[in-house]
Amino acid sequence: MSRIEFRDVRHAYPPPPGQAPVYALKEVSQVWEDGGAYALLGPSGCGKTTLLNIISGLLTPSEGSIRFDERDVTGLPTSERQIAQVFQFPVVYDTMSVFDNLAFPLRNRGMPESRVSQRVTEIAEMLDLSERLGQRASGLTADGKQKISLGRGLVREDVNAILFDEPLTVIDPHLKWQLRSKLKELHQQIGVTMIYVTHDQVEALTFADKVVVMHDGGVVQVGSPVELFNRPRHTFVGYFIGSPGMNILPCSLDRGQPVFANNLLSSGYPVDTDLSGKLEIGIRPEFIRFSDDGIAVEIQKVEDLGRYQVVTVRHESSQIKMLVGEDQAIPSEDPKISFDPDNLRIYCDDWVVESAHA
Ligand code: ADP
Ligand code: MG
C-alpha cells in the first residue's frame, strides 16, 4: 500500500490537426493518503476519468509526476503499479465461469490454488455471488456482471489502491444503495486506499471520508462532507453540494461588508475593501429566514418536501431559494427575508474571501 502523490500534473489529449491542445486536467497537486476513502466528485467532462487513468497508468500525463510513496511511477505501465480499477461498464470474460472470472487476477499472479479458492469464496460471499460461482458469466444480467467486475477489483490483497470509475451506473437503484454501503464496509475491513469517482453528491458523501471536488479540469476543494457544506471555498462547491445548492448573488462592498441590491448585510467578518473582480455572496437555503425587517421579496414557488418546504423568492432580478421548516409560516403580506451572518460567505472571482483580520 502507498501514499499517492500528484505533483503539478497536467494533461492534454492530442488535439485535432491544426488546433491548440486543451487541458483536460489543468494542474493537479494532490496527495491521496494511504488507506483513505476518497470520492472524486464533479460533473461529466470535468476530468475525473482522466485523473483516474493517470493514477493507474493507462495514461501518461503531458506534464508533472506521480509518486507512490517516494517512488516516481510516472513512466511505469499499469502492470507495475499494483492498482485495481473497476470501470463504468462491466469487463468480464463471458465464456468463463463466475469463479474463474474472480480468480483471474489471482491466478495471473501465481497465487496457489487453495488460496485462490479461499479468496474467491470470501469475495463472492460479500457480493452475493456465492450461488452463481459455477455459472457462466454470459448468463448473468448487467447487474450481476458488474458485481463480477467489482469482485475482480476487490479480490487482490496486494494492491496500492482500488479505483472505481462510476461503477454503479448500470446497477438498479435498490442494489446501488446496497453495494455502496458494502464498499464502505469493505473499506473499513481491508483499509486499502479507495478512490471512488461519481457525479452524484449523495454517492460521494456517503462513501467518502474525503471528497475531492473537481470542476473544469481542476480540483477546487478537498474536504469532509461537513467542510464542503459549511465552508465551500469555491462557488461551484457551494451550488454543486447541497440540495438545493448555495444561493450565489451579486454584491458590492461597503466598508468591508457586503451590499446586495442596496441592502447592507453583515457577513460576520470584515473583508478587504480594495478587492477587485467579480464579487458575490454565497448563502445556503438553510440559512435564510423570513423576518420582520430585511430584504423585501416576492414569493414565486413553494415546494413541499415533508419536513421542509423549498421556497423560491425573487428580489429584483435575483432568484433566491430558501428552506423553511414545515412548522414555520410563510408570510402572505410583504414578505421579507434575512441571511444568517455567520453562514454568509463572500466570493471574489468565485474563490472565497477570508477575513481581513484572519
Ligand atoms: P469525466 O470522467 O469527468 O466525465 P473525462 O476525464 O472523461 O471526464 O474527460 C475530460 C475532458 O477530456 C473532456 O472534455 C473530454 O471530452 C476530454 N477527453 C476525454 N478522453 C479523451 C480522449 N481520449 N481524447 C480526447 N479528448 C478526451
Ligand atoms: Mg468519466
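Residues numbered from 1 in each chain as written. Chains lettered and ligands numbered in written order. Predicted model: local features only at pLDDT ≥ 70, side-chain atom pairs only at ≥ 80, totals over all residues. Heavy atoms only, no water.

A separate point is the sheet that holds strand 13 (residues 257–260). Strands sit in the order 12-13-14 across an open sheet of three strands; the sheet is antiparallel. Both outer strands of the open sheet, strand 12 (252–254) and strand 14 (263–264), are each paired with one neighbouring strand and no more. (Pairing = 2+ DSSP bridges. Helix = DSSP H or I, 4+ residues; strand = E, 2+ residues; numbered from the N terminus.)

Before going further, it helps to spend a moment on the site of ligand 1. Lining the immediate surroundings of ligand 1 are Tyr13, Ala24, Pro43, Ser44, Gly45, Cys46, Gly47, Lys48, Thr49 and Thr50. In the model, an oxygen atom of ligand 1 is placed 3.1 Å from a nitrogen or oxygen of the Gly47 main chain. In this structure, an oxygen atom belonging to ligand 1 sits 2.5 Å away from a side-chain N or O atom of Thr50. With the chains in place, 54% of the 560 Å² that ligand 1 exposes on its own is no longer accessible. When residues of the shell around ligand 1 are assigned to their parent elements, the largest contribution, three residues, is made by helix 1 (residues 48–56). (Near = heavy atom within 4 Å. Polar contact = N/O pair within 3.5 Å; in protein donor to acceptor, adjacent residues only side chain to side chain. Areas by Shrake-Rupley, 256 points an atom, 1.4 Å probe, with all protein chains shown as cover.)

This part takes up a nonpolar patch on the surface. A surface patch of nonpolar side chains, amounting to about 250 Å² of accessible area, comprises Leu58, Phe87 and Val91. Among the structural elements, Phe87 can be located in the loop between strand 6 (83–86) and helix 2 (98–107). (Patch = residues over 30% accessible without salt bridge, like charges linked within 9 Å, V, L, I, M, F, W, Y side chains within 5 Å. Salt bridge = Lys/Arg side-chain N within 4 Å of Asp/Glu carboxyl O.)

Let's shift gears to the domain arrangement of the protein chain. Looking at the assigned domains, one finds that the protein chain contains domain 1 (4–235) and domain 2 (245–352). Inter-centroid distance (C-alpha atoms) of domain 1 to domain 2 is 39 Å. With nine residues of domain 1 at the interface, the matching set in domain 2 holds eleven residues. The junction of domain 1 with domain 2 conceals about 960 Å² of combined surface from both sides, 56% of it contributed by carbon and sulfur atoms. Inspection of the domain 1/domain 2 interface yields zero salt bridges. The tally of links between domain 1 and domain 2 comes to six residue pairs in polar contact (both at pLDDT 80 or more). Looking at the side of domain 1 that touches domain 2 element by element, the count peaks at three residues for helix 7 (residues 225–230). (Domains from an automatic or database assignment. Contact = heavy atoms within 4.5 Å. Buried area = accessible area lost by both parts, 1.4 Å probe.)

Right, let's talk about the packing of helix 4 (residues 142–154) against helix 5 (residues 173–190) for a bit. With their axes 13 Å apart at the nearest point, helix 4 and helix 5 run at an angle of 10° to one another. Here helix 4 lies roughly parallel to helix 5, going by the angle between them. Contacts between helix 4 and helix 5 involve Asp143, Lys147, Leu150 and Leu154 on the former and, on the latter, Leu175, Leu179, Leu183 and Leu186. Considered class by class, the residues forming the contact of helix 4 with helix 5 number six nonpolar, no polar and two charged. (Axes fitted to C-alpha atoms, helices over the stretch in contact; angles between N-to-C directions. Parallel < 35°, antiparallel > 145°, perpendicular 65-115°, else oblique. Nonpolar A, V, L, I, M, F, W, Y, C, P; charged D, E, K, R; others polar.)

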